[in-house]
Amino acid sequence: MRYRVPFNRLVGVNFMDLGRLAGEVTATTGVELTPRDVERVIASVARSSHFWEILGLARVPYPAAAETIRLLQDQGLVQVDGTGAILLTAEGQAFVKVHALDPGQDFTCPGCGGRGLDLGKLKSGMQEFEELAKGRPEALLKYDQGHLTTASVMARVALMAERGDLAGKRLLVLGDDDLLGLAAALTGLPQEVVVLEVDDRLVHYINDQAAKSGLPVKAHKYAFKDQLPDRWVKYFDTFNADPPETLEALKVCLTRGLCGLAGAGCAGYFGLTRTEASLKKWHLFQAMLLAEFKVAITDIIDNFNHYANWGYLLESIGDDYPFAQVAPKLNWFKSSMYRIEMVSGFEGVENKPMSCELYLDEEALIYHPRNHGGTNG
Ligand SMILES: [Fe+2]
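Residues numbered from 1 in each chain as written. Predicted model: local features only at pLDDT ≥ 70, side-chain atom pairs only at ≥ 80, totals over all residues. Heavy atoms only, no water.

Formed by 83 residues in total, the largest nonpolar core has its most connected members in Ile42, Phe51, Trp52, Tyr62, Val217 and Leu365. Both domains that furnish three or more residues to this core are identified here as domain 1 (7-98) and domain 2 (119-372). When neighbours within four sequence positions are excluded, Phe51 is seen to be in contact with Tyr62, Ala66, Ile69, Ile86, Phe323, Ala324 and Val326. Among the nonpolar cores identified, the runner-up in size contains 33 residues, and Ala241, Leu272, Phe285 and Met354 belong to it. (Core = buried A, V, L, I, M, F, W, Y, C linked by side-chain atoms within 4.5 Å. Buried < 20%, exposed > 50% of the residue type's maximum accessible area, 1.4 Å probe, protein only. Domains from an automatic or database assignment. Contact = heavy atoms within 4.5 Å.)

Here it is in structure tokens:
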């Protein structure tokens, strides 16, 4: 279909709106947005009409993506139909054409889902894991929970095993609503698995399941803000975490994990999203990893971790954006898999109590007044 678009309107959109729109989103949400980010949101709407899929494709933090869509609606480039589908208007389609925006194609390897690992060898472990996980506690908002899919848990285990960080090794799992400690132990590879977890329900569940199955896993109650108990300092070969994504929380979590590692050559694994962390935050965090923590980043595997949908999503995001109040039709929340390795010359980080705003900053998915107060730190 061909559309006739008033020339002035197109020129206006072309030369003025992208930068201004990005600036308006930044002013409203406090999330730094570029004109290219706005293009990506528009291109994502061209590819999908489902809000949560658009958010996953756009790779900008939730508050910024939602505010961009709201403004595009105001500008007449996007409309929301009666079913909640987000669609380009005729003008929006013309805009995509004029700017040659590529909605993108999916080149993900169907064999491995883009992870680059063959999980075939873990097939029986996967079934055992599903049995063990059947009665797992439900995800809670107060702990920012939302667990990995079985395939993602097993892929993490496979990655650790493949990189030589699991067999015969001591594994520290910092926070484990994913039940990764149990999944790792099911392979029979690790010497010992210690899970440190703030949620009593999970501590009990993991210990019960480990005891029933005779797995070398022990869970203990622990909060990130507390210093790592002395007996676990420099005790482990590998740590694994899925931290909340404020810079403060990332720093505290990495401090605990690295304090737990024995020394150079030991590795840490964690996920980082684009939905709750802008590339600006990625940059600051990576600088912290290199300068303060003195590690090498050996792997960043895009969209490695897929999370099962969790019950509290729609109530937790607030009601600023009506088009976001739709139940997800897919496992849309994904994170990149980071592997870091300690290098020689690492002198350790200070193991002391640290308080921080653990879960929320202006890029968070969960509604927070700070998301709505303009630019702030
Ligand atoms: Fe593949």
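Having seen the model, we can carry on.
Our focus in this paragraph is helix α5 (residues 90-98). Each α-helix turn comprises 3.6 residues. Residues three or four places apart therefore point the same way. What α5 keeps buried is the set Glu91, Gly92, Ala94, Phe95 and Val96. The positive-phi residue at the C-terminal boundary of α5 is Ala100, with phi of around 50°. (Helix = DSSP H or I, 4+ residues; strand = E, 2+ residues; numbered from the N terminus.)

Right, let's talk about the domain arrangement of the chain for a bit. The domain architecture assigned to the chain consists of domain 1 (7-98) and domain 2 (119-372). Distance from the C-alpha centre of domain 1 to the C-alpha centre of domain 2: 32 Å. Counting each side, the surface lost to burial between domain 1 and domain 2 is near 2100 Å², with a carbon and sulfur contribution of 63%. Among the residues domain 1 hides against domain 2, the three largest losses belong to Trp52, Arg59 and Tyr62. Together they make up 37% of the total. At the surface where domain 1 touches domain 2, the tally comes to one salt bridge. At the junction of domain 1 and domain 2, the tally comes to five residue pairs in polar contact (both at pLDDT 80 or more). (Buried area = accessible area lost by both parts, 1.4 Å probe. Salt bridge = Lys/Arg side-chain N within 4 Å of Asp/Glu carboxyl O. Polar contact = N/O pair within 3.5 Å; in protein donor to acceptor, adjacent residues only side chain to side chain.)

This next bit is on the coordination of the iron ion. Protein ligation of the iron ion involves Cys109 (SG) and Cys112 (SG), the donor distances falling in the range 2.3 Å. With relative accessibility at 38%, the residue Cys109 sits in the partly exposed group. On the basis of relative accessibility, which here comes to 17%, the residue Cys112 falls in the buried class. (Donors = N, O, S within 2.8 Å, 3.2 Å for Na, K, Ca; no water.)

This brings us to the sheet that holds strand β3 (residues 170-174). What the seven strands build is an open sheet, ordered β5-β4-β3-β6-β7-β9-β8; its pairing is mixed. Each end of this open sheet is capped by a strand with a single partner; those strands are β5 (217-221) and β8 (295-306). Between one strand axis and the next, the sheet turns through 20° on average, direction left out of account. In terms of strand pairing, β3 meets strand β4 (residues 192-197) through five bridges, oriented parallel. (Pairing = 2+ DSSP bridges. Axes fitted to C-alpha atoms, helices over the stretch in contact; angles between N-to-C directions.)

Summarising the model, the chain shows a mean pLDDT of 90, and 93% of its residues fall at 70 or more. Every residue in residues 1-8 scores below 50 in pLDDT, and together they form five contacts with partners more than four places removed in sequence or on other chains. Counting contacts from residues 372-377, a segment whose pLDDT is below 50, to residues more than four positions away or on other chains yields 15 contacts. (pLDDT = per-residue confidence, 0-100.)

Its boundaries defined by the atoms lining it, the largest pocket holds a volume of some 830 Å³. Lining the largest pocket are 33 residues; nearest its centre among them are Arg47, Gly56, Leu57, Arg59 and Asn303. When residues of the lining of the largest pocket are traced back to their parent elements, those giving at least two are α2 (35-47), α3 (51-58), β8 and β9 (334-342). A breakdown of the residues in the lining of the largest pocket according to their chemical character gives 10 nonpolar, 12 polar and 11 charged. Residues from two domains meet in the lining of the largest pocket; each of domain 1 (7-98) and domain 2 (119-372) gives at least three. Estimates place the volume of the second largest pocket at around 630 Å³. (1 Å grid on protein atoms, 1.4 Å probe; cavity = no way out; pocket = protein on both sides within 12 Å on 5 of 7 lines; lining within 4 Å. Points joined across faces, edges and corners; volume = space filled by probe spheres on them. Nonpolar A, V, L, I, M, F, W, Y, C, P; charged D, E, K, R; others polar.)

With that settled, the discussion passes to the pattern of salt bridges. Taken as a whole and assessed by the stated rule, the structure comprises 20 salt bridges. One salt bridge in this structure joins Asp242 and Arg156, with 2.9 Å as the shortest N-O distance. Within this pair, whereas Asp242 is found in the loop between β6 (238-241) and α10 (247-260), its partner Arg156 is found in helix α7 (residues 150-162), the two being separated by 86 residues in sequence. For Asp242, a relative accessible area of 24% translates into the label partly exposed.

Relative to the assigned elements, Ala85 resides in the loop between β1 (78-80) and β2 (86-88). Given a relative accessible area of 14%, Ala85 falls into the buried group. Between the C-alpha atoms of Ala85 and His50, which are 35 residues apart in sequence, the distance is 5.8 Å. Here Ala85 is in contact with Ser49, Gln79 and Val80, once residues within four sequence places are set aside.

What follows is about unusual backbone geometry. Even without glycine at this site, Leu179 takes up a positive phi of about 60°. Looking at the element boundaries, Leu179 is found in the loop between β3 and α8 (180-186). A positive phi angle, near 50°, is found at Asn303, a position not held by glycine. Mapping Asn303 onto the fold places it in strand β8.

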